[in-house]
Structure formats: C-alpha cells, structure tokens
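# Observations on the model geometry
Below are the chains, spelled out letter by letter.
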Amino acid sequence: MKRIISFSVAFILLLMYAVPVFATDGHDPRVVDNAELLTQSQIEELTEKVDEISERQQLDVVIVTTNSIDGKSPMAYADDYYDYHNYGYGANKDGVLLLLSMEDRDWWISTTGYGITAFTDAGIQLIGNEIVQYLSSGDYFGGFKLFADEADRFITKARTDKPYDVGNLPKAKKKLFDAKAALISLVIAAVIAFVVILSIKSKYKPVKFQPNASDYLVSDSFNLTGAFDNFLYSNVSKTARSDSSSSGGSSTHSGSSGTSHGGGGGKF
C-alpha cells in the first residue's frame, strides 16, 4: 500500500513539473525590449498580442529592440537573434522578426521559412514605411502594434490568396490624426497670426476714402508706349512609365547558422 501511495505522489509531482516543460516551445519571449523603449504594461500588452497571432498563424512574430548591434549589420544581427534564440514554427522555422537598433536608428525585418513567402521585398518596404511614421516620432509602442497587425494581415493574405507583392500591394496605412496636437498647433498659429496683424496694423496709416479711382493716381505717372510678347523657351518633363512586369518575390541570403532568410530594412 505504501508503495502505491509513494508511486502516486511521485507521479503527481512528475506531472506538476513536467507539464510546464513540455508546454513551452523553448524560445525566448516574443517581445524583447533591451533598449527599454516600452513600459512594463506595454510589453505585456504587446506580448499578448504577438503570442496570439503567432500561435493562431503558426508563424512566430517577434519584436526585438537593442542599443547596440555589436558591430554587426542590422541584417546579420536580426538573423542571428532569430536563429540562436530558437524562434520559428515547424521544420522550416517559420517566422518574422522586427529589429529596432537605437545605435544608428536602424530597423530590419528578418524572415524565415514561410515568412519569406508571406513577406516579399516589396511588402517589407511597405510595412517599414508605415511603422517609420511612428518610430521617427518616438511612438515605439504604436509602431510595434502596427507591425504586429500588418504581420497578421500579410500572413493571412499569403495563406488564403497570394502574398502581397509588386502590383498587388495594399494601400499604405497612414498614422492616425492626432487631434490634441493639431489643436495645440492651431492655437499657436492663431496667436502668431494675431501678433503679426497687430504689428502691421500699428504701422498702417489709413487713406481717406475717395469716390473716384482716378483720385488715387498720381498725374502723368504711368505711360504705356507699347506692348509685345516674346516666346522664350519650352520645358518638357518626362516620367518613366512603370513596368507592370517588374519582378517581385523575396530575395534570400544565409545567416551565420546556415539558415536561409529574407528581409529588408532602413532608417527611422
């Protein structure tokens, strides 16, 4: 009887400690804010968002910030971070990672596995242009949320239809209108305009109203002796016509681990 009880206790303890081990997928958190750009509540909200997208889409969506990329290129740092922190779903390690480096204000999107298919070169640049609107103004949380939403949209489009690419890109999302900032700007502009008008008015000397227009003219001050037009030159501008057959898709390269990656980036 004691042996049965001991076995039961041991089995319960095994379940208590083993289940969490088997439940985890073994990678780092999907939001890593080493540059400390976010508050703790923002990190938690963003982590919940990308975890839900990653698990539903079966493709890791990762966001990493850093103050230094240790002498590497943004591409190499992003690729290595993804590879050596065990991100990715399935045998092909499907996923996408957004790196933000404060060192030289670089952003880079690294793609792996099905991420290379879902995020084409043209699609990556579109997302980059969208999030830079937020990043350049210091709204990192807003930029990261937009990245997560766009990642979700791009993955869904690739799985249900075809990937967003050249000739098939969605309309870029513009940063939402900031009513508070606009009101402050309007008040400042109104004050400046009022001051300028007062200054001009103080120097203005009114002229007594005259009933006839001729009363405002100085006698014999204007004589028109002739009129002619000369054609001097013409200016012709030319704009190259876009080629609808331009190639799209994703360019790839290998990281230091030997894993194939796609990606693209820029400054913010």
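## Section: the overall build of the chain
Across its full length, the chain carries seven helices and six strands. Starting at the N terminus and walking to the C terminus, you meet the elements of the chain as α-β-α-β-α-β-β-α-α-α-α-β-β. Within the chain, buried positions represent 34% of all 268 residues. Across the chain, every contact between residues at least 6 apart in sequence was considered, and the portion connecting residues at least 24 apart equals 68%. Roughly 17700 Å² of accessible area belongs to the chain as shown, and the carbon and sulfur atoms make up 58% of that amount.

## Points about the nonpolar core
Counting residues in hydrophobic clusters, the biggest one holds 35 residues, and the most contacted among them are Val61, Ile109, Phe119, Phe144 and Phe147. It is helix H6 (residues 140-160) that contributes the most residues to this core, 10 residues altogether. Among the nonpolar cores identified, the runner-up in size contains 12 residues, and Val62, Tyr77, Leu97 and Leu99 belong to it.

## Things to note about the side chain of Ser110
With respect to the helices and strands, the residue Ser110 is situated in strand S4 (residues 106-112). Taking relative accessible area as the criterion, Ser110 reaches 0% and is therefore assigned buried. A distance of 2.6 Å separates polar atoms of two side chains, one belonging to Ser110 and the other to Asp79. Setting aside chain neighbours within four positions, we find Ser110 in contact with Ala78, Asp79, Gly95, Val96, Leu97, His261, Gly262 and Gly263.

## Re the confidence of the model for the chain
Per-residue confidence for the chain averages 81 on the pLDDT scale, and 64% of its residues sit at or above 70. Low pLDDT, under 50, characterises residues 1-24; the stretch is placed with two contacts to residues that sit more than four places away or in other chains.

## Some details on unusual backbone geometry
A positive phi angle, near 55°, is found at Asp70, a position not held by glycine. Phi angles above zero are rare outside glycine, and Lys93 is one such case at about 55°. Residue position: Lys93 is located in the loop between helix H3 (74-84) and strand S3 (95-101).

## Let's talk about the pairing of S3
Of all seven residues in S3, seven are buried; the element is thus mostly enclosed. Side chains Gly95, Leu97, Leu99 and Ser101 of S3 all project onto a buried face; the interleaved residues Val96, Leu98 and Leu100 project onto the opposite face, where all are buried too. As paired strands, strand S2 (residues 60-66) and S3 are joined by seven bridges and run parallel to one another. Bridge pairing in S3 links Val62 to Leu97. Where S3 meets S4, seven bridges bridge the pair, whose relative direction is antiparallel. Considered in S4, the bridge of Leu100 is made with Trp107. Here S3 hands over to S4 after four residues, with Arg105 in that stretch at a positive phi of 55°.

## With respect to the packing of aromatic side chains
Summed over all chains, the structure comprises five aromatic pairs. Between Phe119 and Phe154, the ring centres sit 5.9 Å apart and the planes meet at 5°, which makes this aromatic pair stacked. With Phe119 in the loop between helix H4 (114-118) and helix H5 (121-135) and Phe154 in helix H6, this pair connects stretches of sequence that are 35 residues apart. Assessed through its relative accessible area of 0%, Phe154 is described here as buried. The ring of Tyr164 is capped by Lys157, whose NZ or CZ atom sits 5.0 Å from the centre of that ring.

Calculation rules
Residues numbered from 1 in each chain as written. Predicted model: local features only at pLDDT ≥ 70, side-chain atom pairs only at ≥ 80, totals over all residues. Heavy atoms only, no water. Helix = DSSP H or I, 4+ residues; strand = E, 2+ residues; numbered from the N terminus. Buried < 20%, exposed > 50% of the residue type's maximum accessible area, 1.4 Å probe, protein only. Contact = heavy atoms within 4.5 Å. Areas by Shrake-Rupley, 256 points an atom, 1.4 Å probe, with all protein chains shown as cover. Core = buried A, V, L, I, M, F, W, Y, C linked by side-chain atoms within 4.5 Å. Polar contact = N/O pair within 3.5 Å; in protein donor to acceptor, adjacent residues only side chain to side chain. pLDDT = per-residue confidence, 0-100. Pairing = 2+ DSSP bridges. Phe/Tyr/Trp six-rings, centres within 6.5 Å; stacked < 30°, edge-to-face > 60°. Lys NZ or Arg CZ within 6 Å of the ring centre and 35° of its normal.

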